[in-house]
Amino acid sequence: MPAAGSEGEEGLAGEQPGPGTPKLCGYLQKLSGKGPLRGFRSRWFVFDPRRCYLYYFKGPQEPLPLGHLDIASACFSYHQPEAGAAAAGDEPAAFEVHSPGGAVTVLKAATRQDTTYWLQELQQKRWEYCNNLDAAKRDSRTSPTPSDFSKGLVAKDSPDLSILSQNASAERARNILAVETSPTDLVGEQAASQPAPAQGSAINFSLKQWSTEIKNSMSSLRKGSNDNRRSIFYTTEEWELLDPTPKDLEDSMALEEKRKHLAEGSKEWCSGNGNRLVSELQLKYQSQQEELEKLKKDLLSQKELVRLLQQTVRSSQYDKYFASRLCEGVPKDTLELLHQKDDQILGLNNQLEKLNLEKDSLQQEVKNLKCKVGELNERLGMLMETIQAKDEVIMKLSRQLSECEDSTSSQSGAINSPMATCTNKELQELDRLKDNLQGYKTQNKFLNKEILELSTLRRNAEAREREWQAKYTSLEAKLCQIESKYLILLQEMKTPVCSEDQSPAREVITQLLEDALKVEPNEQPEQAFFKPHLVSEYDIYGFQTIPEDDDEEKLVAKSRALDLRSLSLSENREISTGVKWENYLASTMNREMMRCVELKNLIRSGIPHEHRSKMWKWCVNLHVKKFKDSAVPGYFQILLQKALEKPNPASKQIELDLLRTLPNNKHYSSPTSEGIQKLRNVLLAFSWRNPDIGYCQGLNRLVAIALLYLEQEDAFWCLVTIVEVFMPRDYYTKTLLGSQVDQRVFKDLLSEKLPRLHAHFEQYKVDYTLITFNWFLVVFVDSVVSDILFKIWDSFLYEGPKVIFRFALALFKYKEEEILKLQDSMSIFKYLRYFTRTILDARKLTAIAFGDLNPFPLRQIRNRRAYHLEKVRLELTELEAIREDFLRERETCVEKRDLISDDEEDS
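Remember, it's a predicted structure, so these values are computed and weren't measured experimentally. (Residues numbered from 1 in each chain as written. Predicted model: local features only at pLDDT ≥ 70, side-chain atom pairs only at ≥ 80, totals over all residues. Heavy atoms only, no water.)

A. Structural view of the pattern of salt bridges. Within this structure, the stated rule accounts for 19 salt bridges. Linking K625 and D629 is a salt bridge whose minimum nitrogen-to-oxygen distance equals 3.1 Å. Taken together, the positions of K625 and D629, both in helix α17 (residues 612-630) and four residues apart, correspond to about one turn of that helix. Both residues of the pair, K625 and D629, count as exposed. A salt bridge links E655 to R680; the nearest nitrogen and oxygen atoms lie 2.7 Å apart. In this pair, E655 is assigned in helix α19 (residues 650-657) and R680 in helix α20 (residues 674-689), connecting sequence segments 25 residues apart. Overall, R680 belongs to the buried group, its relative accessible area being 18%. Among the charged side chains, a network of salt bridges with common partners joins E674, K678 and E711. (Salt bridge = Lys/Arg side-chain N within 4 Å of Asp/Glu carboxyl O. Helix = DSSP H or I, 4+ residues; strand = E, 2+ residues; numbered from the N terminus. Buried < 20%, exposed > 50% of the residue type's maximum accessible area, 1.4 Å probe, protein only.)

Set out below in structure tokens:
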């Protein structure tokens, strides 16, 4: 038999635990209700591990839950039963679930064994959920969208997760304090086939008050409207949806104190209020039944009238048919009669439509009446159960009263002084027990209050911990800046020392330099509390942060890495971009992503590391959809199989360039690296798709960057996007025609956007295209730091090649003032070779590229490309003519036959 909620909220019961894991579900009694009938009611509870929610249903077969409890943020308290009942083991203990905001839910299992089992299981589920929140990156209450992990090479690294388990001691303590217990048949999926346990009755009111409330509610049922009834008399479903107030909880805790009023109201209850209530409900039900029968009769009569009207319409149509045949020669009076009949038919048709509308309204009213009858039946059943319970209590109290009267009358004549002394002792013992009971209640209240205070303190401590974490991040960023300046100062202090003698200052500086370049060992985790590991050997993308050869270059690289670390820590304090990405991805859960201004602005600000794989794949599919739709299934595998079986001329050059692609990245640093084989496969498959290109130096770097976040097939289509969609034709061919054209377009844009810098280059005759040519060919790979590189690629894969022009200009504008200070061509060219590696602030560079350089229309770039393409083609044609003339002259002239061109020597 399926458990409740099998088709409930968001597939609740459809979420099955893993194989071998029992599902936490079963019957519990929940203290609910508001008003006079507050008490425990049996409910079916199901735990949802996805959200750490405990849903409760009216029964195992109900599809929709009545509500839920948030276990992840809750704390529990335990109520010990009375001393006598606890010793006997027949009274189950209740426990409270304290939710955020002060809401308290009181639950009670059928036995003490089940209560202990539920408490331990709920604590275990809360522990597992809270510990796995960060690792699983799953959908939660604050983050409705699940984060996508990287699917490329960087997915194997798991950066920033090198923290040791900090819950080992807590886990050991939990295991020591755990109580071994097993559930009964009322817990688990098998409990769905069991009958619900008897509901406990928490009678915390006098019978006189209860009868008065019933009379008031019944009078409001007869006179008032639905709203008035709801405000005075609550049904079972309405009570379930109301949170208990602290006053109601105090009433339930003071149950023993109010039971003494039962005897006072028992006689008044016997006066017949219960019977009068039942008779009034029966009359109400009979009147509703009579009204329903009357409506059914009206509906039948309306149907009969509709049938007659339909017959009249058909006969009128028949008459009209014959009248049209005999209209010739028919007197004018007869035609008028026919027209009148037609008018009558139209009127009957309109009346028929009105009756149909009235019929629909009556049917809807019948449905509403059936719903009302069902509600009245439920109320009647509830009241009958309550009356039956009250009758049992009254009979029990009456028997006890009669027994007490009989025993008193039989022993009244035999009372003497010893019996009076014994009675006094019993009364004293009773008073002592009452005092003990009051003490236990006070202790229970104190313990519950203590638990709530501890929970509040825990939440406050977490808030303080978050504040200290933010301060720690800020201080760590400042420490990175200070250490970077310290390294630069050491380098400056080392050079002026020119004496041959080893002065003490020089020895100190040398020792400090050695200590600064020394990598902190990871084998001392206790030192992490005093000094953070500021710079690791590799960054999150796998690039080496500090080179291994030159000490001076090491110093500069470590200083740059510290500055980058400082910038990244400063940016991590501002989580607005991450929140925007989470909100946007959450809004696209039930629809496909589309190109829009919001998405473009988000991508320009940078895609978060955890979402980059998903977004890059989406951008690539956006541009190559037409190619993929026209390709056969398994197109990439077919190309790869051909390349492996029949090597083409490009295979040799591909093998030579594999280890030279990104030697400073650990994924491509050795022949056994995982990225090398993937890189080989993608380049071979692409060489078979484009035999006119085959392989060009630069394609290997494009594929290597794509493979860091994409799988092999997606990286192949990414290369297709860049070569065949973004870049003009002949961009990666032997002549590099498109690349030469883009350099001339870039010169025009530089003279327009940065006229001072362009004039400076012209003045000293600096050919900066020797530097920028590689920027365009490989999209800034190995030209900028990795953080900036991947932010450029984010926008490049979405917007296209225009982004390259933007960032190339932005790099020059970023360092414009420094370049203008240089006054000779050698120093300018030397500075241009490395200045991009000194740019670390990605946010400032992005603001320049997409803000300061506007307007930047794509139409202008296309027009300039077309203009320069014609010029370059003419120049190449002239060069080809000169080459042919030279070859002819060499063949005719004996002296020039020994001259060989570079192309002929290569071939």
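There is more to say, and it comes next.
B. Geometry of helix α16 (residues 597-604). For α16, the complete set of buried residues consists of L599, L602, I603 and R604. Phi turns positive, to about 110°, at G606, one or two residues after α16.

C. Highlighting helix α21 (residues 699-707). When you tally the buried positions in α21, you get eight out of nine residues, the bulk of the element. Of all the positions in α21, only L699, N700, L702, V703, A704, I705, A706 and L707 are classed as buried. If you follow the buried residues of α21, they end up packed against α17, α19, α20, α22 (712-726), α25 (769-778) and α26 (786-799). (Contact = heavy atoms within 4.5 Å.)

D. Here's a closer look at empty space enclosed by the protein. In the structure shown here, the tally under the stated rule is two cavities of 30 Å³ or more. The volume enclosed by the largest cavity comes to roughly 50 Å³. Lining the largest cavity are L281, K284, Y285, L376, N377 and L380. Broken down by secondary-structure element, the contributors of at least two residues to the lining of the largest cavity are α10 (273-325) and α11 (332-411). Of the residues contributing to the lining of the largest cavity, the split by class is four nonpolar, one polar and one charged. (1 Å grid on protein atoms, 1.4 Å probe; cavity = no way out; pocket = protein on both sides within 12 Å on 5 of 7 lines; lining within 4 Å. Points joined across faces, edges and corners; volume = space filled by probe spheres on them. Nonpolar A, V, L, I, M, F, W, Y, C, P; charged D, E, K, R; others polar.)

E. Fine view of the sheet that holds strand β7 (residues 104-108). Across the sheet, which stays open at both edges, the seven strands sit in the order β4-β3-β2-β1-β7-β6-β5 with antiparallel pairing between neighbours. Edge positions in the open sheet fall to β4 (67-70) and β5 (75-78), since each of these has one partner strand only. For this sheet the average axis-to-axis angle between neighbouring strands, irrespective of direction, equals 35°. In terms of strand pairing, β5 meets strand β6 (residues 94-98) through four bridges, oriented antiparallel. Residue pairing across strands places S77 opposite E96, the latter belonging to β6. (Pairing = 2+ DSSP bridges. Axes fitted to C-alpha atoms, helices over the stretch in contact; angles between N-to-C directions.)

F. Structural view of the pairing of strand β3 (residues 53-57). Within β3, five of the five residues are buried, which leaves the element mostly enclosed by the surrounding structure. Of the two faces of β3, the one holding Y53, Y55 and F57 and the one holding L54 and Y56 are both buried throughout. Examined bridge by bridge, strand β2 (residues 39-48) and β3 share five bridges and lie antiparallel to one another. The partner of F47 across the bridge, within β3, is L54. What sits between the antiparallel neighbours β2 and β3 is a turn of four residues, in which C52 has the positive phi angle 60°. Note: β3 against β4, four bridges, orientation antiparallel. The residue of β4 that forms the bridge with L54 is L69.

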